[in-house]
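Chain residues, written in single-letter form:
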Amino acid sequence: MKKIGFTTSFPIEPFLAAGFQVTDLNNVFISGRSNELVQSAEFQGYPRNICAWIKGMYALIKESDYDYILGVIQGDCSNTHSLLSTLEDSGQKILYFSFPYDRDRGALNNEIAKLEKFCGVSRDETQKMKQELDRVRAKLVKLDNLTWQTCQVSGEENHSWLVAASDFNGDHILLEDQLDNFFISIEDRPHNKNGLRLGYLGVPPIISDLYEFLESRNAHVVFNEIQRQFAMPYLENDIIEQYWKYTYPYSVKERLTDILEQIKIRKLQGLISYTQSFCHRQIDNLLIRKYAGIPVLTLEGDNPGVLDERTKLRLESFIDMLTL
Ligand code: SF4
């Protein structure tokens, strides 16, 4: 089985239909020896002032044996271009995918067709795989609903399950079984609608104890914006529509439409807008703050690790401000 690692969520359906094993490199990086990987990339010459996710992926790929690395070269991160160049230079085989920034459906269709051609699968086969994955995605929508409607699922659990949707942890059938068991295990949990209702915006945090800290202050994250996008919650019939509605790779305007809608539906009282050090998405945060209409705390993370004391203080002040 050929192994492919990818730099951010993209249409994995053609690869799964063709029998590839697909892995989201971010998930491997963050759940393993993340600090060691960042240091290893710096030791190999990657600059200190480059995003830790990029450095972590570089070191991870260098020590792994992926047959291909697929880089999303439009709709994610310009650092990916240089990441791919350095990898290609060391002999790694690279594939490319672009989300058209203007959301042109024809261009998106061409990009997906290019993947199908490489994989040797038809659109029907891609669609069939999409339907199979949508069965799991529908369960993730249920899990998300149990987060904001009854609060039986914590913000951290919500985060973990939804990020898993980017590559289905390499086995969507196993993931579906695990989800079914999880639902059974939480059946008797009480409905807890007390406490502060927060939304978490931005890429998944590099900080490991953020959710735990918030929960300990009776502040519940009932909306994980990008993680929910990774789980493709709209369940459209057509693969093009699915990746057209996915907000992450396009402009902040699409993200804001989704965020504003969810603020209302989920009755959010405040937002934590997470940004990564040295990431261009910090600029998007200006518009998020301008249009959110509810209090926003901007949090910046750099290297993998736990919350520092200053950030804890800022979070506590934000919670106090919202609860007083
Ligand atoms: S957090 Fe920002 S800079 Fe880092 S990989 Fe993602 S998009 Fe690129």
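Residues numbered from 1 in each chain as written. Predicted model: local features only at pLDDT ≥ 70, side-chain atom pairs only at ≥ 80, totals over all residues.

## Topic: the overall build of the protein
Next, step 1: For the protein, the helix and strand inventory stands at 15 helices and eight strands.
Next, step 2: At 19 Å, the protein has a C-alpha radius of gyration in line with the 20 Å of a compact globule built from 324 residues.
Next, step 3: Taken along the three principal axes of its C-alpha coordinates, the protein extends 60 × 45 × 35 Å.
Next, step 4: Relative to its full complement of 324 residues, the protein shows a buried share of 41%.
Next, step 5: Within the protein, residue pairs in contact and separated by at least 24 positions form 71% of the contacts whose partners lie at least 6 positions apart. (Helix = DSSP H or I, 4+ residues; strand = E, 2+ residues; numbered from the N terminus. Rg over C-alpha atoms; globule rule 2.2 N^0.38 Å. Buried ≥ 20, exposed ≤ 12 C-beta atoms within 10 Å, placed from the backbone. Contact = placed C-beta atoms within 7 Å.)

## Thoughts on the nonpolar core
Next, step 1: Among the nonpolar cores identified, the biggest contains 76 residues, and Met57, Tyr58 and Leu198 are the most heavily contacted of them.
Next, step 2: Broken down by element, this core gets its largest block of residues, eight residues, from helix α4 (residues 52-62).
Next, step 3: Shared between two domains, this core takes at least three residues from each, and those domains are domain 1 (3-121) and domain 2 (124-323).
Next, step 4: Dropping the residues within four chain positions of it, Met57 is found in contact with Thr7, Leu25, Phe29 and Leu83. (Core = buried A, V, L, I, M, F, W, Y, C linked by C-beta atoms within 7 Å. Domains from an automatic or database assignment.)

## Points about the site of the ligand
Next, step 1: All residues adjacent to the ligand are Cys51, Trp53, Ile54, Asp76, Cys77, Asn79, Val203, Gln276, Cys279 and Arg281.
Next, step 2: For the shell around the ligand, the residue count by class is six nonpolar, two polar and two charged.
Next, step 3: The residues that make up the shell around the ligand include at least three from each of domain 1 (3-121) and domain 2 (124-323). (Near = placed C-beta within 6 Å. Nonpolar A, V, L, I, M, F, W, Y, C, P; charged D, E, K, R; others polar.)

## What about the sheet that holds strand β3 (residues 68-74)?
Adjacent strands of a sheet pair through backbone hydrogen bonds, lying either parallel or antiparallel.
Next, step 1: Across the sheet, which stays open at both edges, the four strands sit in the order β2-β1-β3-β4 with parallel pairing between neighbours. In this open sheet, the two strands that pair with only one neighbour each are β2 (21-24) and β4 (94-98). Strand-to-strand twist across the sheet, computed as the mean angle between neighbouring axes with direction ignored, equals 25 degrees.
Next, step 2: Pairing analysis gives five bridges linking β3 to β4, with the strands arranged parallel. (Pairing = 2+ DSSP bridges. Axes fitted to C-alpha atoms, helices over the stretch in contact; angles between N-to-C directions.)

## What about the domain arrangement of the protein?
Next, step 1: Under the domain assignment used here, the protein contains domain 1 (3-121) and domain 2 (124-323).
Next, step 2: One C-alpha centre belongs to domain 1, the other to domain 2; they are set 22 Å apart.
Next, step 3: Opposite the 32 residues of domain 1 that make contact, domain 2 presents 27 residues.
Next, step 4: Counting residues per element, the ones that place at least two in the side of domain 1 that touches domain 2 are α1 (13-17), β2, α2 (25-31), α3 (34-43), α4 and α6 (105-119).
Next, step 5: The biggest single contributor to the side of domain 1 that touches domain 2 is α6, with five residues.
Next, step 6: Its residues assigned to classes, the side of domain 1 that touches domain 2 shows 17 nonpolar, nine polar and six charged.

## As for the environment of His172
Next, step 1: With respect to the helices and strands, His172 occurs in helix α9 (residues 172-186).
Next, step 2: For the pair His172 and Leu268, spaced 96 residues apart in sequence, the C-alpha to C-alpha distance is 31 Å.
Next, step 3: The residues touching His172, leaving out its near neighbours within four places in the chain, are Glu132, Leu133 and Val136.

## Focus on the sheet that holds strand β8 (residues 296-301)
Next, step 1: Within the open sheet, the four strands sit side by side as β6-β5-β7-β8. Their pairing is parallel. Each end of this open sheet is capped by a strand with a single partner; those strands are β6 (219-224) and β8. Along the sheet, successive strands turn relative to each other by an average axial angle of 30 degrees, direction set aside.
Next, step 2: Here strand β5 (residues 196-201) runs beside β6; their pairing, made up of five bridges, is parallel. When the sheet's bridge partners are listed, Leu196 is paired in β6 with Ala219.

## Brief notes about the pairing of β8
Next, step 1: As paired elements, strand β7 (residues 270-276) and β8 share six bridges and run parallel to each other. Paired with Leu271 across the strands is Val296, a residue of β8.
Next, step 2: Remark: the β7/helix α14 (residues 281-291)/β8 crossover connection has right-handed handedness. (Right-handed = clockwise from strand over helix to strand, strands pointing away.)

## As for the environment of Asp180
Next, step 1: By the element assignment, Asp180 lies in helix α9.
Next, step 2: Separated by 44 residues in the primary sequence, Asp180 and Val136 have C-alpha atoms spaced 9.8 Å apart.

## Section: the packing of helix α7 (residues 123-148) against α9
Next, step 1: Following both chains from N to C, one finds α7 and α9 inclined at 30 degrees, their axes separated by 10 Å at the closest point. Taken together, the axis directions place α7 and α9 in an arrangement best described as roughly parallel. Handedness of the crossing formed by α7 with α9: left-handed. Here α7 contributes Glu132, Leu133, Arg135, Val136, Lys139 and Leu143 to the contact with α9, which in turn contributes His172, Leu175, Glu176 and Leu179.
Next, step 2: When its residues are assigned to classes, the contact of α7 with α9 shows five nonpolar, one polar and four charged. (Parallel < 35°, antiparallel > 145°, perpendicular 65-115°, else oblique. Left-handed = near helix turned anticlockwise from the far one by under 90°.)

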